[in-house]
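What follows is the residue order along each chain.
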Amino acid sequence: METTLIILKPDAVQRGLSGRIISRFEDKGLQVVGMKLMQISQQLAATHYEAHKAKPFYAGLVKFMTSSPVVVLAVRGNGAIGIARNMMGATFGSKANPGTIRGDFGVSNSFNLIHGSDSPEAAERELKLFFQAGEVLNWNRAQEGWVYDMSGGKPE
Ligand code: IDP
Ligand code: MG
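Treat the numbers as computed from the prediction; the structure is a model and nothing was measured.

Enquirer: Explain the overall build of the protein here, please?
Expert: Of the regular secondary structure elements, the protein holds eight helices and four strands. Secondary structure of the protein in N-to-C order comes out as β-α-α-β-α-α-β-α-α-β-α-α. Principal-axis analysis of the C-alpha atoms places the extent of the protein at approximately 50 × 35 × 25 Å. Sorting the 156 residues of the protein into buried and exposed places 45% on the buried side. Of the accessible surface of the protein, which amounts to about 8500 Å², a share of 54% is contributed by carbon and sulfur atoms. Positive and negative side-chain charges in the protein, numbering 17 and 14 respectively, have mean positions lying 8 Å apart.

Below, the structure is given as structure tokens:
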């Protein structure tokens, strides 16, 4: 099972889309194992986006991400990192396909609603940045046996 970091960005929270976006992950069968509303500090934004420091959009990105509360989620499932990235759609709202979160809910190329870790390494690093020990819960879903075929002893 993989766990990925999802951030519902300030535009998603301000536009009242948090519930609908979280529902998409639940509807898919992914499990929410961590969730909180928080305001991202300058330092946390800088650490999270350090790979983009030299990019022309970096200053605007940090300003945006720290401007208003976000919802951070730890989302778990088989292949959860790739599944979540596909559900998010392309980076720019103007280019993202219909059916994806960015494609269905936005048109902007910088206010693009959602962040998702892009690799297992990124997920591990980012989950540690946003969740303290004990904030990601290993809980048993009652419906687990209907989300995955467990007849072979592992989730299929
Ligand atoms: P991703 O979020 O789809 O992985 P990245 O290329 O990693 O996209 O960029 C990180 C974030 O930086 C994007 O989600 C978006 O908010 C912002 N960003 C990326 N490219 C641009 C741009 O050209 N203009 C404005 N913001 C951008
Ligand atoms: Mg990225």
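Picking up after the structure, the text goes on.
Enquirer: When you look at the sheet that holds strand 3 (residues 70-77) in this model, what are you seeing that I'm missing?
Expert: Across a sheet, paired strands are connected by hydrogen bonds in the backbone, their directions being either parallel or antiparallel. Ordered by their spatial adjacency, four strands build an open sheet running 2-3-1-4, and the pairing between neighbours is antiparallel. Edge strands, defined here as strands with exactly one partner in the open sheet, are strand 2 (31-38) and strand 4 (114-116). The average undirected angle you get between the axes of adjacent strands in this sheet is 15°. For strand 1 (residues 2-8) and strand 4, the ladder comprises three bridges, and the chain directions are antiparallel. Bridged to Leu8 within strand 4 is Ile114. Here helix 5 (residues 80-88) sits on the sheet in contact with strand 1, strand 3 and strand 4, set at roughly 30° to strand 1. Running at roughly 60° to strand 1, helix 7 (residues 120-130) makes contact with strand 1, strand 2, strand 3 and strand 4 of the sheet.

Enquirer: In this structure, what is going on with unusual backbone geometry? I would like to understand it.
Expert: Where the residue is not glycine, phi is negative for most of them; where a peptide bond is considered, it is trans in most cases. Of note in this structure, Leu113 is not a glycine but carries a positive phi near 75°. Within the secondary structure layout, Leu113 lies in the loop between helix 6 (101-105) and strand 4.

Enquirer: Any chance you could explain the pairing of strand 1 here in plain terms?
Expert: Successive residues of a regular strand alternate their side chains across the two faces of the sheet. The element strand 1 is largely enclosed, with a buried count of six among its seven residues. As paired strands, strand 1 and strand 3 are joined by seven bridges and run antiparallel to one another. From the neighbouring strand, Ile7 faces strand 3, where its bridge partner is Val72.

Enquirer: How should the side chain of Glu126 be read in this particular structure?
Expert: For Glu126, the location among the structural elements is in helix 7. For the buried residue Glu126, which engages in no salt bridge, the nearest side chain bearing the opposite charge is Arg125, 4.4 Å off. A polar side-chain atom of Glu126 sits 2.7 Å from a polar atom in the side chain of Ser117. Excluding residues that lie within four positions of it along the chain, Glu126 makes contacts with Leu5, His48, His115 and Ser117.

Enquirer: Before we go on, may I ask you to explain the environment of Arg141 in this structure?
Expert: With respect to the helices, strands and loops of the structure, Arg141 is situated in the loop between helix 7 and helix 8 (144-147). Accessibility expressed as a relative area gives 11% for Arg141, which makes it buried. What Arg141 contacts, discounting residues up to four positions off in sequence, is Gly29, Leu30, Gln31, Val147 and Tyr148.

Enquirer: Would you mind showing me how to read the site of ligand 1 here?
Expert: Neighbouring ligand 1 are Lys9, His52, Phe57, Leu61, Arg85, Thr91, Phe92, Arg102, Asn109, Ser110 and Asn112. Between ligand 1 and the protein, one listed contact pairs an oxygen atom with a side-chain N or O atom of Asn112 at 2.8 Å. Here ligand 1 loses 77% of its free accessible area of 530 Å² to cover by the protein chains. Residue composition of the shell around ligand 1, grouped by class: three nonpolar, five polar and three charged.

What counts and how
Residues numbered from 1 in each chain as written. Chains lettered and ligands numbered in written order. Predicted model: local features only at pLDDT ≥ 70, side-chain atom pairs only at ≥ 80, totals over all residues. Heavy atoms only, no water. Helix = DSSP H or I, 4+ residues; strand = E, 2+ residues; numbered from the N terminus. Buried < 20%, exposed > 50% of the residue type's maximum accessible area, 1.4 Å probe, protein only. Areas by Shrake-Rupley, 256 points an atom, 1.4 Å probe, with all protein chains shown as cover. Lys, Arg positive; Asp, Glu negative; His and termini not counted. Charge placed at Lys NZ, Arg CZ, Asp CG, Glu CD. Pairing = 2+ DSSP bridges. Axes fitted to C-alpha atoms, helices over the stretch in contact; angles between N-to-C directions. Contact = heavy atoms within 4.5 Å. Salt bridge = Lys/Arg side-chain N within 4 Å of Asp/Glu carboxyl O. Polar contact = N/O pair within 3.5 Å; in protein donor to acceptor, adjacent residues only side chain to side chain. Near = heavy atom within 4 Å. Nonpolar A, V, L, I, M, F, W, Y, C, P; charged D, E, K, R; others polar.

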